Amino acid sequence: SFASVYFEKMLKGGKAPSLWLRNMQLAAYSTLIAVASLLCTADPARAEQGLLHGFNTVTWAVVLTQSLGGIIVAVCIKYADNILRTFAQTVSVVFGAFGSYFLFDFQITASFNMGLVFVAAAIVLYGHAAQTPTESCRACTGCLCPPAWL
């Protein structure tokens, strides 16, 4: 959470570098960590078949998807905010779970359904124009009097 908020602050700050320069800086740090990890791992196939042994069309599709996803997240944070990005990620996880249900026999449990309800409620409440619970209730029910529980 701290990293997301700090990244948003850096992107939206007055004298911050451009979105593309910030992405290049983050990629450089990630590259250093990945190269260090690669050098610390002994892999006989790497010496024999090269650095990208085992890469196929599916692997390259995943690499492309992940890189485009990173750019989309950066643009979302730049032009929206961190909360909307979190909602978008949550909705994508839910869609991914439903896709996994049909493609990979994923079991949807009661706790998953409860989480789904909470996510949907949070998205609706965040996007709602009402300022108070009474206004929200009136907007949903069309009633002008406050409910007894308020």
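This text follows the structure it describes.
Now for a description of the structure that goes with this document. (Residues numbered from 1 in each chain as written. Predicted model: local features only at pLDDT ≥ 70, side-chain atom pairs only at ≥ 80, totals over all residues. Heavy atoms only, no water.)

1. Overview of the overall build of the chain
Thought 1: Regarding its fold elements, the chain presents seven helices and zero strands.
Thought 2: Start at the N end of the chain and walk to the C end: the helices and strands fall as α-α-α-α-α-α-α.
Thought 3: Across the 150 residues that make up the chain, the buried fraction comes to 13%.
Thought 4: In the chain, the proportion of contacts linking residues at least 24 apart, taken out of those at least 6 apart, comes to 43%.
Thought 5: With an accessible surface of roughly 11300 Å², the chain has 71% of that area assigned to carbon and sulfur atoms. (Helix = DSSP H or I, 4+ residues; strand = E, 2+ residues; numbered from the N terminus. Buried < 20%, exposed > 50% of the residue type's maximum accessible area, 1.4 Å probe, protein only. Contact = heavy atoms within 4.5 Å. Areas by Shrake-Rupley, 256 points an atom, 1.4 Å probe, with all protein chains shown as cover.)

2. Let's talk about a nonpolar patch on the surface
Thought 1: A surface patch of nonpolar side chains, about 740 Å² in accessible area, is lined by Trp20, Leu64, Leu68, Ile71, Ile72, Val75 and Tyr79.
Thought 2: Residue contributions to the nonpolar patch peak at six residues, all from helix H4 (residues 57-79).
Thought 3: If you trace the backbone, tryptophan 20 turns up in helix H2 (residues 19-40).
Thought 4: Overall, tryptophan 20 belongs to the exposed group, its relative accessible area being 52%. (Patch = residues over 30% accessible without salt bridge, like charges linked within 9 Å, V, L, I, M, F, W, Y side chains within 5 Å. Salt bridge = Lys/Arg side-chain N within 4 Å of Asp/Glu carboxyl O.)

3. So, the packing of aromatic side chains
Thought 1: This model, assessed by the stated rule, comprises four aromatic pairs.
Thought 2: When the centroid spacing of 5.9 Å and the interplanar angle of 80 degrees are considered together, the rings of phenylalanine 106 and phenylalanine 112 count as edge-to-face.
Thought 3: A network of ring pairs unites the aromatic residues Phe98, Phe106 and Phe112 as a single cluster. (Phe/Tyr/Trp six-rings, centres within 6.5 Å; stacked < 30°, edge-to-face > 60°.)

4. With respect to unusual backbone geometry
Thought 1: The backbone of aspartate 105 sits at a positive phi, close to 60 degrees, despite the residue not being glycine.
Thought 2: With respect to the secondary-structure elements, aspartate 105 resides in the loop between helix H5 (82-104) and helix H6 (110-127).

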